[in-house]
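In case you want the letters, here they are:
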Amino acid sequence: MIEKHFQIGLQKIEKELAEPYVKYNKDLEPIPLTWDELADKLNEMRDEAGEEPMYPNGEALRCAVKEERYERGMVKTLEDKFLSEKQEMYKERLKLRAEHNEIKASIKQLASKETFEEILIEVAGLMGEKMDFSTPKTQLMRGNRSGILLISDWHYGLTVDNYINEFNHDVFIERIEKLTKEVVKEIRKHQIEKLYVANLNDLISGIIHQNLRLQNSRDIIEQIMMVTDVLSQMLQEFSNYTLVEYHDCIDNHSRVVPDRKLALAKENFALLTPWILRRDFKKNNRVEIVANEFDEEIITFTIYDKHYLGVHGHLDNVNSVVSDLSLMTKRFYNVMFLGHMHHFSADETHKTYVYCNGSLSGVDQYAKEARVTSNPSQTLIIVSPDDFAEYIRTIKL
């Protein structure tokens, strides 16, 4: 009886191939209108025979019948098989064409700048000699607190104008000025002896998506120049009050090649930033630009014997980042930082705090359409010898 109804399924799929709307099998008995009904009937038969139900739904039965049909050699004609293979070949052809177009686009994009080094030289040449970033003559703070400023997701170059958020060059400057002013207030209030600036990156909008190119108001060279210039002035201002230790990591928006499958880790515009900052602060011994211990993707530093780690976040999951990076680096961390998420959050995993930094640019078109909104913000953490996260401030911008 069970085999009989399985046979109904075989004939049902044959009739559907010939006539999509055939509802009855004239040789045996009426065929259920849906695969779900047929699956329920077969499961009832199996239950009556003392066997376990086999088909959780109609789709499972349809796939089983289709597989049985091929195993029994019930493929209708060689012509059908040929057409199926032709369709697969056509799909592969489209896939290869798409990959070819991506490679052509990448080559076209980099045609005027044959190497990453050429871009670096062009940026350096355009920036020329900037303002004097020498050691200030001001008095340093003498407290027993340190600060950690998380900066990320500035997305400079992007233009946004919707009912939730406005972001352009002028708004960018306003938010940078407010951020700098608020951090200075906290430095003075808490008598911070040293400020650790963790650049979790995506400071530029980049060129990794076609929609970004449409929304960008600045080309990639202008984006790099503006961000590094603003960052230099910010660090110089902080050095009027405290020692500054700067760290950064690479990200996804700064990729030189848009397609991440074709991109090399070291071909990333974010690598220009520390190179330019080291040049800017040769004469200021209060600002130290620190190279990463492991690689360009991971920031690590230690304050009062407590260990901190930072990554951009595009390669990590908030729920597994503690175990993943602790095992990868063979080290326990008291605090980990991530950018990329565009909103502030705090969590804890096995006594390791995980903080996600907000974005300076705020809600863009992508976030708006995804119904994911948040306040533009950056994060400041005050650290003491007794508490590795004594005070946390989300600076709303």
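Per-chain numbering applies: the sequence of each chain, read as written, is numbered from 1 onward. Predicted model: local features are reported for residues with pLDDT of at least 70 only, side-chain atom pairs are reported and counted for 80 or more only, and whole-chain, interface and lining totals are derived from all residues. Computation of side-chain values covers all heavy atoms of the structure but excludes hydrogens and water.

A. Quick look at the pattern of salt bridges. A side-chain nitrogen of Lys or Arg and a carboxyl oxygen of Asp or Glu constitute a salt bridge if their distance falls within 4 Å. A complete count under the given rule lists 7 salt bridges for this structure. A salt bridge links Arg393 to Glu186, with the shortest nitrogen-to-oxygen separation between them at 2.9 Å. Note that Arg393 is positioned in strand β13 (residues 387–396) and Glu186 in helix α6 (residues 169–190), a separation of 207 residues in sequence. Between buried and exposed lies partly exposed: a residue is buried under 20% and exposed over 50% of the maximum accessible area for its type, with that area taken using a 1.4 Å probe on protein chains only. The exposure class of Arg393 is partly exposed, given its relative accessible area of 22%. Exposure remark for Glu186: the relative accessible area of 5% places this residue in the buried category. Notably, a salt bridge pairs Asp280 with Arg279, separated by 3.9 Å at the nearest N-O pair. In this structure Asp280 comes out as buried when scored by relative accessible area, which is 10%. Comment: elements are numbered from the N terminus, with helices defined as DSSP H or I runs of at least four residues and strands as E runs of at least two.

B. The arrangement of helix α10 (residues 321–329) in detail. Along α10, the residues that are buried comprise Val321, Val322, Leu325, Ser326 and Thr329. With its buried residues spanning 110° around the axis, α10 presents them on a single face. The exposed residues of α10 that point more than 90 degrees off its buried face are Leu327 and Met328. Those residues of α10 that are buried lie in contact with β8 (306–311), β9 (335–338), β10 (345–349) and β11 (352–356). Trailing α10 by a residue or two, Lys330 shows a phi angle of about 60°, which is positive. An arc is given here, and it is the one of the directions from the helix axis to the C-beta atoms. Whether two residues touch is decided by their heavy atoms; if any such pair falls within 4.5 Å, the residues are in contact.

C. Region of interest: a negative patch on the surface. Residues Asp36, Glu37, Asp40, Glu44, Asp47, Glu48 and Glu52 make up a contiguous surface patch of negative charge. With respect to the helices and strands, Glu52 occurs in the loop between α2 (35–48) and α3 (58–71). Classification of Glu52 by relative accessible area gives exposed; the value is 65%. Here a patch means residues that are over 30% exposed by relative accessible area and free of salt bridges, tied together within 9 Å if like-charged and within 5 Å if nonpolar (Val, Leu, Ile, Met, Phe, Trp, Tyr). Surface accessibility in these figures is a Shrake-Rupley result with a 1.4 Å probe; residues are shielded only by whichever protein chains are displayed. Positive charges come from Lys and Arg alone, negative charges from Asp and Glu alone, with His and the N- and C-terminal ends not counted. Taken as the charge centre is NZ of Lys, CZ of Arg, CG of Asp or CD of Glu, depending on the residue.

D. Structural view of unusual backbone geometry. The backbone phi angle of Asp153 is positive, close to 55°, even though this residue is not glycine. Counting through the fold element by element, Asp153 comes out in the loop between β1 (145–152) and β2 (160–161). Since its relative accessible area comes to 0%, Asp153 is described here as buried. Non-glycine residue His350 carries a positive phi angle of around 50°. The topology assignment puts His350 in the loop between β10 and β11.

E. Representation of the packing of helix α8 (residues 220–238) against helix α9 (residues 272–280) within the structure. Following both chains from N to C, one finds α8 and α9 inclined at 45°, their axes separated by 10 Å at the closest point. Considering the angle they form, α8 stands oblique to α9. Crossing of α8 over α9 shows right-handed handedness. Taken together, the residues of α9 that come into contact with α8 (itself represented by Ile224, Thr228, Leu231, Ser232 and Leu235) are Leu272, Thr273, Ile276, Leu277 and Asp280. Residues are grouped as follows: nonpolar covers Ala, Val, Leu, Ile, Met, Phe, Trp, Tyr, Cys and Pro; charged covers Asp, Glu, Lys and Arg; every other residue, Gly included, is treated as polar. Split by residue class, the contact of α8 with α9 holds 6 nonpolar, 3 polar and 1 charged. Interaxial angle, 0 to 180 degrees, is taken between N-to-C directions of lines fitted to C-alpha atoms, where a helix line uses only the stretch in contact. Here is the rule for angles: anything less than 35 degrees is roughly parallel, anything more than 145 is roughly antiparallel, 65 through 115 is roughly perpendicular, and the remaining ranges are oblique. The crossing is said to be left-handed when, going from far helix to near helix, the turn is anticlockwise and less than a right angle, and right-handed when the turn is clockwise.

F. Fine view of the confidence of the model for the protein. The predictor rates its confidence in each residue with pLDDT, a number between 0 and 100. In this model, the protein carries a mean pLDDT of 79, and residues with pLDDT of at least 70 account for 68%. Here helix α7 (residues 210–215) stands out as the least confident element of the protein, with mean pLDDT 48; strand β5 (residues 243–248) is the most confident, with 98. Contacts of residues 17–29 to residues separated by more than four positions or lying in other chains number 23 contacts, the stretch itself having pLDDT below 50. pLDDT under 50 marks residues 110–114. Its contacts with residues more than four places away, or in other chains, come to 7 contacts.

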